Amino acid sequence: MSVSTDTQAPAVTHDMTIEQLAAEVGMSVRNIRNHHSRGLLPPPEVRARVGYYGPDHVARLQLIQDLQADGFNLAAIERLLSGGEGLAGRLLGLRAAVTAPFEPETPEIVTREELEQRFGAAEPKDLERVRRLRVLVPLGEDRFEVTSPALLAAAEQVMALGIPLRTTLELIERVSRDCDSVARAFVKLFLSEIWQPFEREGQPPERWDELIGAVDSLRPLASETLLAMFKLRMTGQLEEAFGKVVEQQAKRGAGSRPRRA
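An account of the accompanying structure is given in this report. (Residues numbered from 1 in each chain as written. Predicted model: local features only at pLDDT ≥ 70, side-chain atom pairs only at ≥ 80, totals over all residues. Heavy atoms only, no water.)

## As for the overall build of the protein
To keep it simple, the criterion reads: A helix here means a DSSP run of H or I that spans at least four residues, while a strand means a run of E at least two residues long, and both kinds are numbered starting from the N terminus. Each residue is placed in one exposure class: buried if its accessible area under a 1.4 Å probe, protein chains only, is under 20% of its type's maximum, exposed if it is over 50%, and partly exposed if it falls in between. It only takes one pair of heavy atoms within 4.5 Å for two residues to be counted as in contact. In short, Shrake-Rupley with a 1.4 Å probe defines the accessible areas, and a residue's cover is counted only from the protein chains shown.
Secondary structure assignment for the protein yields 10 helices and 5 strands. Counting all 261 residues of the protein, 24% fall into the buried class. Pairs at least 24 residues apart make up 62% of the contacts formed inside the protein by residues separated by at least 6 positions. Carbon and sulfur atoms provide 55% of the accessible area of the protein, an area that totals close to 18,700 Å².

Put into structure tokens, the structure is as follows:
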């Protein structure tokens, strides 16, 4: 008796009706039909005049949902998918690497009363500064989402030193502008030295993982570089400022000594 050596993968089964497919991916039947008409979804397997769908259709619809969640409209998705589903997936991977937070913070929900207890009553100009900094997101009914609890806690500690809220917010605004400048420099470096050469080579498929890995590596490198340089500059600024304070105190002490007869 001979033993079969056929190692081909089993055929993909298509056993879902369009209603079952809609329930599987959380999408309306109408939207699925619309994707069909735009050519975004492969045709079903037709048996006895009924269309049946399988895992490949589920994967395609989930990809479309992911792209829509990232802000792509259907026309853009159509262009992406015309270049192959692999391209759309790779772009999603790149976007995920770019937008992933450095160290995720869990947002907090606070009330206006709690904010006033921690920071005091804020003037309208101060509230506008907070809005621009996107530290607090209004949720209605005097409730706010704190996007970075660590930043809010740092502001609270600065105020505990006796520094007014307005001055604290002005400092945070300046730090934010400086961080924007540093971030632009690193992004420019990525675009000119990594992305553009990759694009000139025709975006070879085998190098997409390398590209995404470069983004993953660049983010912590940028953070570590910024922190290391800040430590050096902060130390230098403190030494310079302290030297001036010592010099002023020495002059004041010399001026207050009684003259000898």
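On we go.
## Describing the pattern of salt bridges
Close approach of charged atoms allows side chains of opposite charge to pair. Applied cut-off: Between Lys or Arg on one side and Asp or Glu on the other, a salt bridge is scored when a side-chain nitrogen of the former is within 4 Å of a carboxyl oxygen of the latter.
In this structure the tally under the stated criterion is 13 salt bridges. Taking the shortest distance from any N to any O, the salt bridge between Arg129 and Asp126 comes out at 3.6 Å. Within this pair, Arg129 and its partner Asp126 are both found in helix α7 (residues 124-133), separated by 3 residues, close to a single helical turn. With relative accessibility at 16%, the residue Arg129 sits in the buried group. The class for Asp126 is buried, based on a relative accessible area of 5%.

## Focus: helix α8 (residues 149-160)
Counted only if it meets this: In this analysis, the expected span of each helix is defined as 1.5 Å times one less than the number of residues it contains. Each C-beta atom gives one direction from the helix axis, and the arc is the one those directions make.
For α8, spanning 12 residues, the distance from its first C-alpha to its last is 16 Å, which sits close to the expected 16 Å at 1.5 Å a residue. Restricting attention to buried positions, one finds in α8 the residues Pro149, Leu152, Ala155 and Met159. The buried residues of α8 all sit within an arc of 125° when viewed along its axis, so they share a single face. Those residues of α8 that are exposed and angled more than 90 degrees off the buried face are Gln157 and Ala160. On its buried face, α8 is in contact with β3 (108-111), α6 (112-119), β5 (143-146) and α9 (165-200). Taken from the residues just after α8, Gly162 is the one with a positive phi, measuring 100°.

## Considerations on the sheet that holds β3
Operational definition: Two strands make a pair as long as DSSP finds a minimum of two bridges between them. Axis definition: a line fit to C-alpha positions, over the contact stretch in the case of helices; interaxial angles, taken between N-to-C directions, run 0 to 180 degrees.
Read across the sheet, 3 strands follow the order β3-β5-β4 without closing on themselves; strand pairing throughout is antiparallel. Among the strands making up the open sheet, the edge pair consists of β3 and β4 (136-140). Neighbour-to-neighbour, the strand axes of the sheet open up by a mean angle of 35°, direction not taken into account.

## Side note on the pairing of β5
On β5, burial follows the alternation: Phe144 and Val146 on one face are buried, whereas Arg143 and Glu145 on the facing-out side are not. Of the pairings in the sheet, the one linking β3 to β5 comprises 4 bridges and is antiparallel in character. From the neighbouring strand, Thr111 faces β5, where its bridge partner is Arg143. Relative to β5, β4 runs antiparallel, the two being bridged by 4 bridges.

## Some thoughts on the packing of aromatic side chains
To describe a pair of aromatic rings, you give the distance between the ring centres and the angle between the ring planes. Formally: Each aromatic pair joins two rings of Phe, Tyr and Trp (for Trp, the six-membered one) with centres within 6.5 Å, and gets the label stacked for planes under 30 degrees apart, edge-to-face for over 60, and tilted for any other angle. Two conditions define a charge sitting above a ring: the NZ of Lys or the CZ of Arg must be within 6 Å of the ring centre, and it must be within 35 degrees of the ring normal.
Across all of its chains, the model carries 3 aromatic pairs by this definition. When the centroid spacing of 6.2 Å and the interplanar angle of 65° are considered together, the rings of Trp195 and Trp208 count as edge-to-face. Of this pair, Trp195 sits in helix α9 while Trp208 sits in helix α10 (residues 208-256); the two residues are 13 residues apart in sequence, bridging distant segments of the chain. Here Trp195 and Trp208 have matching classes, each one buried. When the ring of Phe198 is compared with that of Trp208, the centres are 5.2 Å apart and the planes differ by 80°; the resulting orientation is edge-to-face. With Phe198 in helix α9 and Trp208 in helix α10, this residue pair connects regions lying 10 residues apart in the sequence. Taking relative accessible area as the criterion, Phe198 reaches 0% and is therefore assigned buried. A relative accessible area of 1% places Trp208 in the buried class. Put simply, the rings of Trp195, Phe198 and Trp208 pair up and form one aromatic cluster. The lysine or arginine in question, Arg47, covers the ring of Tyr52, its NZ or CZ lying 4.2 Å from the ring centre.

## Looking at a nonpolar patch on the surface
We count it as follows: Within this analysis, patches are made of residues with over 30% relative accessible area and no salt bridge. Like charges are joined at 9 Å or less; nonpolar side chains (Val, Leu, Ile, Met, Phe, Trp, Tyr) at 5 Å or less.
Among the surface-exposed residues, Leu227, Phe230, Met234 and Leu238 lie close enough to one another that they form a single nonpolar patch of about 400 Å² accessible area. Its location among the elements puts Leu238 in helix α10.

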